[in-house]
Amino acid sequence: MVKKALIFTLVISFLDAKTGVYEKNCLPCHEDMAVKIDKFFYRYLLKYSSEMEVKNAMTKYLKNPKAENSILVDGLINRFGVKKKTTLSDTELQEALDTYWLKYQVFNKLK
């Protein structure tokens, strides 16, 4: 019985990892955009440099999106507009940003 419970817990954890906050709430909107989600990350990284600063800037933007605090150039803002305010809780938003950072960060990946 304990083995079954452990296996069930592991399977649920694995499935949840594949369908986390980032995958459910961020990727669907960005899939059809001309500018892919990794490009947003690189723009933030170029402007803000560190993990903490990138995440702070993204959190600020996602909670209160305005053209003046966007990293997009004016042409892209005119074309796509400014996104709507996030409906994610602070915990969910942090989880999504952590996943996003881990997926695209370049530190320790350059050789």
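The residue count restarts for each chain, going from 1 along the sequence in the order it is written. The predicted nature of this model means local features are confined to residues of pLDDT at least 70 and side-chain atom pairs, given and counted, to a pLDDT of 80 or more, with totals for whole chains, interfaces and linings taken over all residues. Only hydrogens and water are set aside when side-chain values are computed; all heavy atoms of the structure are taken into account.

Undergrad: Can you break down the overall build of the protein chain residue by residue, with the values?
TA: A count of helical and extended segments in the protein chain gives seven helices and zero strands. Counting from the amino terminus, the protein chain carries its helices and strands in the arrangement α-α-α-α-α-α-α. Buried means the residue's accessible area, taken with a 1.4 Å probe over protein chains only, is under 20% of the maximum for its type, while exposed means over 50%, and partly exposed covers the values in between. Looking at the protein chain as a whole, 31% of its 111 residues are labelled buried. Contacts are residue-level and defined by heavy atoms, with any inter-residue pair within 4.5 Å sufficient. The long-range share in the protein chain, meaning contacts at least 24 apart out of those at least 6 apart in sequence, stands at 59%. About 8,200 Å² of surface is accessible on the protein chain, with carbon and sulfur atoms providing 59% of the total. Counting from the N terminus, the helices are the DSSP runs of H or I reaching at least four residues and the strands are the DSSP runs of E reaching at least two. Accessible areas in this description were obtained via Shrake-Rupley with a 1.4 Å probe; residue shielding takes into account the shown protein chains only.

Undergrad: Please give an account of the side chain of T86 that cites residues and values.
TA: Among the structural elements, T86 can be located in the loop between α6 (74-80) and α7 (90-104). Accessibility expressed as a relative area gives 18% for T86, which makes it buried. In terms of polar contacts, T86 uses its side chain to reach the backbone amide nitrogen of L88, at 3.1 Å. Every residue in contact with T86, bar those within four places of it in the chain, is listed here: L62, K63 and L93. Think of a polar contact as two N or O atoms within 3.5 Å of one another; within protein, one of them needs to be a possible hydrogen donor and the other a possible acceptor, and neighboring residues in sequence only count if both atoms come from side chains.

Undergrad: How would you sum up the nonpolar core? Please name residues and give values.
TA: Of all hydrophobic cores here, the largest spans 26 residues; its most connected members are Y22, F40, Y44 and Y100. When residues of this core are traced back to their parent elements, those giving at least two are α2 (21-25), α4 (37-48), α5 (51-63), α6 and α7. Ignoring anything within four residues of it in the chain, the contact list for Y44 reads S49, V54, A57, M58, Y61 and I71. In this text, buried Ala, Val, Leu, Ile, Met, Phe, Trp, Tyr and Cys residues form a nonpolar core when linked through side-chain atoms within 4.5 Å.

Undergrad: I'd love a proper account of the pattern of salt bridges, names of residues and values included.
TA: By definition here, a salt bridge exists when the distance from a side-chain nitrogen of Lys or Arg to a carboxyl oxygen of Asp or Glu is within 4 Å. Across all of its chains, the model carries four salt bridges by this definition. Among the ionic pairs, D38 bridges to K39, the shortest N-O distance being 3.3 Å. For D38, a relative accessible area of 18% gives the class buried. For K55, the salt bridge is made with D98, and the minimal N-O distance between the two is 2.6 Å. With K55 in helix α5 and D98 in helix α7, this pair connects stretches of sequence that are 43 residues apart.

Undergrad: Outline the packing of α4 against α7, listing residues and values.
TA: Convention adopted: a line fitted to C-alpha atoms gives each axis, helices being fitted over their contacting stretch, and angles between N-to-C directions are expressed from 0 to 180 degrees. Axis separation between α4 and α7 bottoms out at 11 Å; the angle between their running directions is 90°. Taken as axis vectors, α4 and α7 run roughly perpendicular relative to one another. Listed contacts from α7 to I37, D38, F40, F41, Y42 and L45 of α4 are Y100, W101 and Y104. When residue character is reported, Ala, Val, Leu, Ile, Met, Phe, Trp, Tyr, Cys and Pro are called nonpolar, Asp, Glu, Lys and Arg charged, and the others, Gly included, polar. When its residues are assigned to classes, the contact of α4 with α7 shows eight nonpolar, no polar and one charged. Roughly parallel means an angle under 35 degrees; roughly antiparallel, over 145; roughly perpendicular, 65 to 115; everything else is oblique.

Undergrad: Talk me through the state of the cysteines; I want residue IDs and the actual numbers.
TA: Put simply, a disulfide is two cysteine sulfurs that come within 2.5 Å. Taken as a whole and judged by the stated rule, the model has zero disulfides. Residue C26 stays outside any disulfide, its sulfur separated by 8.2 Å from that of C29, the closest cysteine. Since its relative accessible area comes to 58%, C29 is described here as exposed.

Undergrad: Can you explain unusual backbone geometry? Please cite residues and give values.
TA: Not every positive phi belongs to a glycine, and S49 is a case in point at roughly 70°. For S49, a relative accessible area of 47% corresponds to the partly exposed category.

In short, shape yes, function no, at least from these values alone.
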